[in-house]
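Commentary on secondary and tertiary structure
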Amino acid sequence: MTAPTGTEDPLAAALTAEYAAIWAYGPIGVRLADAERKAAVEAEDAHRSRRDALILQLSTGGAAVPPDRPGYALPFPVTDRASALRLAVEVEERTAAFWRAVLPASTGAERDRALSALIEYAVRATRWRRAAGIAPLTVAFPGRPG
């Protein structure tokens, strides 16, 4: 999952980011236990719901729906709880960046959905940072490259 470039439809790019986020939560979830695993399942479900809504929105609006890939390259190996939590933070931050890119290209209800996604992913990234013991817990401008 790379940062949005502005050369493609921001909603299609956000959909591609959702595909990658869903895929990443597989390796994340198997390295976590108990409440953290439950949180990973809930995060994956949230990304699935947003993916499904985007597919519907794009297809009914006549836009091209980018296909999902069979797999995605992870930015680093996920071998234990610490690396799983680090990846969860990165997934939420990167996906938030794609939704942030939708904001200037949208209005009305579409903009509200994009803002809702950005906020949800920023909050989830903060929760994952807290679980991982990563400081600072928050970032000044969620979804913006650091």
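Worth saying up front: this structure is predicted, and the values here are computed from it rather than measured. The residue numbering used here restarts from 1 in each chain and proceeds along that chain's sequence as written. At least 70 in pLDDT is required for a residue's local features to be given in this predicted model, at least 80 for side-chain atom pairs to be given and counted, and no such filter applies to totals for whole chains, interfaces and linings, which use all residues. Calculated side-chain values reflect all of the structure's heavy atoms, with hydrogen atoms and water omitted.

**A word on the packing of helix H2 (residues 34-60) against helix H4 (residues 108-132)**
At a minimum axis separation of 12 Å, H2 and H4 run at an interaxial angle of 165 degrees. The pairing of H2 with H4 is recorded here as roughly antiparallel in orientation. Considering how the two elements wind past one another, H2 and H4 form a crossing that is left-handed. Contacts between H2 and H4 involve Glu36, Ala39, Ala40, Ala43, Ala46, His47, Arg50 and Gln57 from the former and Glu110, Arg113, Ser116, Ala117, Glu120, Tyr121, Arg124, Trp128 and Ala131 from the latter. The residue classification treats Ala, Val, Leu, Ile, Met, Phe, Trp, Tyr, Cys and Pro as nonpolar and Asp, Glu, Lys and Arg as charged. All others, Gly included, are polar. Of the residues belonging to the contact of H2 with H4, the class tally is eight nonpolar, three polar and six charged. Lines fitted to C-alpha atoms define the axes here, with helix axes fitted over just the stretch in contact, and angles between the N-to-C directions of these axes take values from 0 to 180 degrees. Runs of E in the DSSP output that reach at least two residues are strands. Runs of H or I that reach at least four are helices, and both are numbered from the N terminus. Angular relationships are summarised with four words: roughly parallel below 35 degrees, roughly antiparallel beyond 145, roughly perpendicular across 65 to 115, and oblique for the angles in between. By the definition used in this description, the sense in which the near helix is turned from the far one sets the handedness, with an anticlockwise turn below a right angle giving left-handed and a clockwise turn giving right-handed. Any two residues having at least one pair of non-hydrogen atoms within 4.5 Å are treated as being in contact.

**Structural notes on the layout of surface pockets**
A 1.4 Å probe that fits into a set of points on a 1 Å grid over the protein atoms alone but cannot get out defines a cavity; an open set with protein on both sides within 12 Å along at least five of seven lines defines a pocket, and lining residues are those with an atom within 4 Å of a point. Grid points are joined across faces, edges and corners, and a volume is the space filled by probe spheres set on the points. One number sums up the size of the second largest pocket: a volume of about 170 Å³. In terms of lining, the second largest pocket is formed by Glu36, Ala39, Glu42, Ala43, Glu120, Val123, Arg124, Arg127, Trp128 and Ala131. Of all elements in the fold, only H2 and H4 reach the threshold of two or more residues within the lining of the second largest pocket. It is H4 that provides the largest number of residues to the lining of the second largest pocket, a total of six residues. Broken down by class, the residue content of the lining of the second largest pocket amounts to five nonpolar, no polar and five charged.

**Here's the deal with the UniProt feature "domain: DUF4439" (unreviewed entry) in the chain**
UniProt records the feature "domain: DUF4439" (unreviewed entry) for residues 11-145 in the present numbering. Between the C-alpha atoms that bound residues 11-145 the distance is 19 Å, and the span itself is 70% helix and 0% strand. UniProt positions are given in the numbering used here, feature names are shortened, and annotations may be inferred rather than shown by experiment.

**A look at unusual backbone geometry**
Of note, the bond from alanine 135 into proline 136 is cis; its omega dihedral lies within 30 degrees of zero at -5 degrees. Its location among the elements puts proline 136 in the segment after H4. The phi dihedral of aspartate 34 is positive, around 50 degrees, even though this residue is not glycine.

**Some thoughts on the environment of alanine 20**
Among the structural elements, alanine 20 can be located in helix H1 (residues 10-30). Placed 24 residues apart in sequence, alanine 20 and glutamate 44 show a C-alpha to C-alpha distance of 11 Å.

**Digging into the nonpolar core**
Ranked by internal contacts, the top residues of the largest apolar core, which has 19 residues, are Leu11, Ala14, Leu54, Trp99 and Val102. For this core, the elements supplying multiple residues, two or more each, are H1, H2, helix H3 (81-102) and H4. Among all residues touching valine 102, those that are not within four sequence positions of it are Pro10, Leu11, Ala14 and Ala114. Counting 16 residues, the second-largest nonpolar core is a separate cluster that includes Ala40, Phe76, Val89 and Val91. Buried residues of nine kinds, namely Ala, Val, Leu, Ile, Met, Phe, Trp, Tyr and Cys, make up a nonpolar core once their side-chain atoms join them within 4.5 Å. The buried label goes to any residue with under 20% of its type's maximum accessible area, the exposed label to any with over 50%, and the partly exposed label to all in between, with areas taken from a 1.4 Å probe on protein chains only.

**Overview of the side chain of arginine 50**
Along the chain, the position of arginine 50 falls in helix H2. In this structure the side chain of arginine 50 is engaged in a polar contact, spanning 2.9 Å, whose partner is the side chain of glutamate 120. Residues adjacent in sequence count toward polar contacts only when both atoms are side-chain atoms; beyond that, a polar contact is any pair of N or O atoms within 3.5 Å, and within protein one must be able to donate a hydrogen and the other to accept it.

**Topic: the side chain of arginine 124**
Here arginine 124 is to be found in helix H4. For arginine 124, a relative accessible area of 13% gives the class buried. At 3.2 Å, the side chain of arginine 124 forms a polar contact with the side chain of glutamate 92. Not counting chain neighbours up to four residues away, the residues in contact with arginine 124 comprise Tyr25, Ala43, Ala46, His47 and Glu92.

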